[in-house]
Amino acid sequence: DQQVKQNSPSLSVQEGRISILNCDYTNSMFDYFLWYKKYPAEGPTFLISISSIKDKNEDGRFTVFLNKSAKHLSLHIVPSQPGDSAVYFCAASVGNKLVFGAGTILRVKS
Amino acid sequence: GAGVSQSPRYKVAKRGQDVALRCDPISGHVSLFWYQQALGQGPEFLTYFQNEAQLDKSGLPSDRFFAERPEGSVSTLKIQRTQQEDSAVYLCASSARQRSYEQYFGPGTRLTVT
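Residues numbered from 1 in each chain as written. Chains lettered and ligands numbered in written order. Predicted model: local features only at pLDDT ≥ 70, side-chain atom pairs only at ≥ 80, totals over all residues. Heavy atoms only, no water.

Novice: For the sheet that holds strand 1 (residues 4–5) of chain A, give the residues involved together with the corresponding values.
Specialist: Residues and elements named next belong to chain A. Taken in spatial order, the 5 strands line up as 1-3-8-7-6 in an open sheet, and their pairing is antiparallel. Each of the sheet's edge strands pairs with one partner strand only, and the pair in question is strand 1 and strand 6 (56–59). For strand 6 and strand 7 (residues 62–67), the ladder comprises 4 bridges, and the chain directions are antiparallel. Note on strand 7: the bridge partner recorded for E58 is T63. (Pairing = 2+ DSSP bridges. Helix = DSSP H or I, 4+ residues; strand = E, 2+ residues; numbered from the N terminus.)

Pasting the structure below:
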C-alpha cells in the first residue's frame, strides 16, 4: 500500500523555466512533508520541508505547497538550473519514520 | 567531511552468506535510521535507534535482518543467509533531533546477492 505517490516518473524542463514536481499522499496522520534530492551514487540530500499546519514554505528558488484537503503537495523550482537535474523524492513523516515516494527524475535542459 | 559515512560502498555476496554493513552517523546525532532502496523505488524504512536503544524495527523484512548500535554512535546492519531479494541499496541516515524529519543520509551500500 503506497501511502506516498509520485505519479510522474520523469520531467523535462528548459533552463530558466519553472519545474513543478507533484506528490500525493493517503495518510492523514503525516505531520511533516519533505523533499529530498538525489544524485547518482549519493544518498538523498534534504532540500525543504513543510509542517502539516502550513500551506507554503519557501527557501530561495524552492517553494513547497501543501493542500491538505486534496492530500497533495508540490515542489516549485524557479528558475530551474542544469544543476537541478537529479531524482527528487517526496517524503512524509509519521512517528519515527519517513515514508518515501518512488521519485521523479528531473532533467533541466540548457 | 562531517557527513554520514557507510562501508563498504559495494558488497557482492553469494546466496546464503552473512553480510555486515556499517554506518557512521554525524557526530552527536541522537537518531539513526536504516532504509532499504530497491531499484527504481524510494527508500523504505527498516529500523530506528535513539542513542543505543532500538525503538522501532517494524520495517525489518525478516528475522534474518538484525541491527545494532551498542554505544549510541556507529551502527551495523547484519543480514544472515542472504537471498537474491535482499539485493538493494541500504541507506543509513541520522538526525540531531528525536523526531524523524530532516534526516541526513549516507551514500549507501549497494548489496548484490548472486
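This is not the end of the story, as more comes after the structure.
Novice: Summarise the sheet that holds strand 7 (residues 65–68) of chain B; cite the residues concerned and give the values.
Specialist: All names here are of chain B. If you trace the 4 strands from one edge of the open sheet to the other, you get 1-3-8-7, paired in antiparallel fashion. Pairing within the sheet leaves two strands with one partner each, and these edge strands are strand 1 (5–7) and strand 7. Geometrically, the sheet is characterised by an average inter-axis angle of 15° between neighbouring strands, direction not taken into account. Bridge count between strand 7 and strand 8 (residues 75–79): 4 bridges; the pairing is antiparallel. Directly across from F65, in strand 8, lies its bridge partner I79. (Axes fitted to C-alpha atoms, helices over the stretch in contact; angles between N-to-C directions.)

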